Amino acid sequence: MSDSFNARPGIPRRLASMAYEILLLAAALLILMVLPHVLIGAFTHRLATPLVLQAHFFLALLLYFGWFWTHGGQTLAMKTWRLKLHDAVGGPIRPAQALIRYLLSYPSLLLGGVGIFWAFFDREGQFLHDRLAGTRIALLPPAPKA
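Residues numbered from 1 in each chain as written. Predicted model: local features only at pLDDT ≥ 70, side-chain atom pairs only at ≥ 80, totals over all residues. Heavy atoms only, no water.

**Student:** Can you lay out the packing of helix α3 (residues 50–70) against helix α5 (residues 95–110) for me, pointing to particular residues and giving the numbers?
**Tutor:** Contact geometry of α3 with α5 gives a least axis separation of 9 Å together with a crossing angle of 135°. As summarised for this structure, α3 and α5 are arranged oblique, according to the angle between their axes. Seen from above, α3 lies across α5 with right-handed handedness. Contacts between α3 and α5 pair F57, F58, L61, L62, F65, G66, W69 and T70 from the former with P95, A98, L99, R101, Y102, L103 and Y106 from the latter. Each residue belonging to the contact of α3 with α5 can be placed in one class, and the counts come to 12 nonpolar, two polar and one charged. (Axes fitted to C-alpha atoms, helices over the stretch in contact; angles between N-to-C directions. Helix = DSSP H or I, 4+ residues; strand = E, 2+ residues; numbered from the N terminus. Parallel < 35°, antiparallel > 145°, perpendicular 65-115°, else oblique. Left-handed = near helix turned anticlockwise from the far one by under 90°. Contact = heavy atoms within 4.5 Å. Nonpolar A, V, L, I, M, F, W, Y, C, P; charged D, E, K, R; others polar.)

**Student:** So, the pairing of strand β1 (residues 83–87): which residues are in play, and what are the values?
**Tutor:** The side chains of a regular strand alternate, first on one face of the sheet and then on the other. By the criterion of burial, β1 is predominantly enclosed, with four of the five residues buried. Pairing of β1 with strand β2 (residues 135–139), which is carried by five bridges, proceeds in the antiparallel orientation. Across the sheet, residue K84 finds its bridge partner in β2, namely A138. (Buried < 20%, exposed > 50% of the residue type's maximum accessible area, 1.4 Å probe, protein only. Pairing = 2+ DSSP bridges.)

**Student:** Tell me about α5, residues and numbers included.
**Tutor:** For α5, built from 16 residues, the straight-helix expectation of 22 Å at 1.5 Å per residue is met to within 8% by its first-to-last C-alpha distance of 23 Å. Bending of α5 peaks at approximately 25° at the position of L104, with proline P107 no more than four residues after it. Among all positions in α5, only Q97, A98, R101, Y102, S105 and S108 are buried. Here the buried face of α5 lies against α3, β1, α6 (114–117), α7 (128–133) and β2. Just beyond α5, the residue with positive phi is G112, at close to 70°. (Expected span 1.5 Å × (residues − 1). Bend = angle between axes of the 7 residues up to and from the residue.)

**Student:** Before we move on, can you summarise the packing of aromatic side chains with the specific residues and values?
**Tutor:** Enumeration over the complete set of coordinates arrives at nine aromatic pairs. Summarising the aromatic geometry, the rings of F117 and F121 are spaced 5.3 Å apart at their centres and angled 70° between planes, so their arrangement reads as edge-to-face. Note on F121: relative accessible area 63%, which makes it exposed. An aromatic cluster of at least three residues, connected via ring pairs, comprises F58, Y64, F65, F68, W69, Y102 and Y106. One cation-aromatic arrangement involves R14 over F127; the distance from NZ or CZ to the ring centre is 4.3 Å. The ring of W69 is capped by R101, whose NZ or CZ atom sits 4.6 Å from the centre of that ring. (Phe/Tyr/Trp six-rings, centres within 6.5 Å; stacked < 30°, edge-to-face > 60°. Lys NZ or Arg CZ within 6 Å of the ring centre and 35° of its normal.)

In short, shape yes, function no, at least from these values alone.
In structure tokens, the structure reads:
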């Protein structure tokens, strides 16, 4: 295992990365959600049902997170905050792990933040969805100065 795998980011850093991720996704989702539904509505003269909108939102986020987590272990916000997602032994995560992590993050975040609060009691400070998915977030060292 490398030293960067052993470095554990603090909870404030991970929460800041999540907040930054929300800002980035707000802009991306504006395009990913609004544009297709405006075009479909213009051609069919019908509005998408709430269920279609929710499914589209769910799948757009699944593709975003699934792609970045399985292709380098970092979303755009994670790169900024020097965080990287690994499996339990420091290797890249598998698509099944990305799916499990994604699915478990919803109840972890939406049920009063129980999965985030879990990190205060976890022996390694991991979020509940990371613990259950067999993943963990590591803090990368700063980039060398030029």
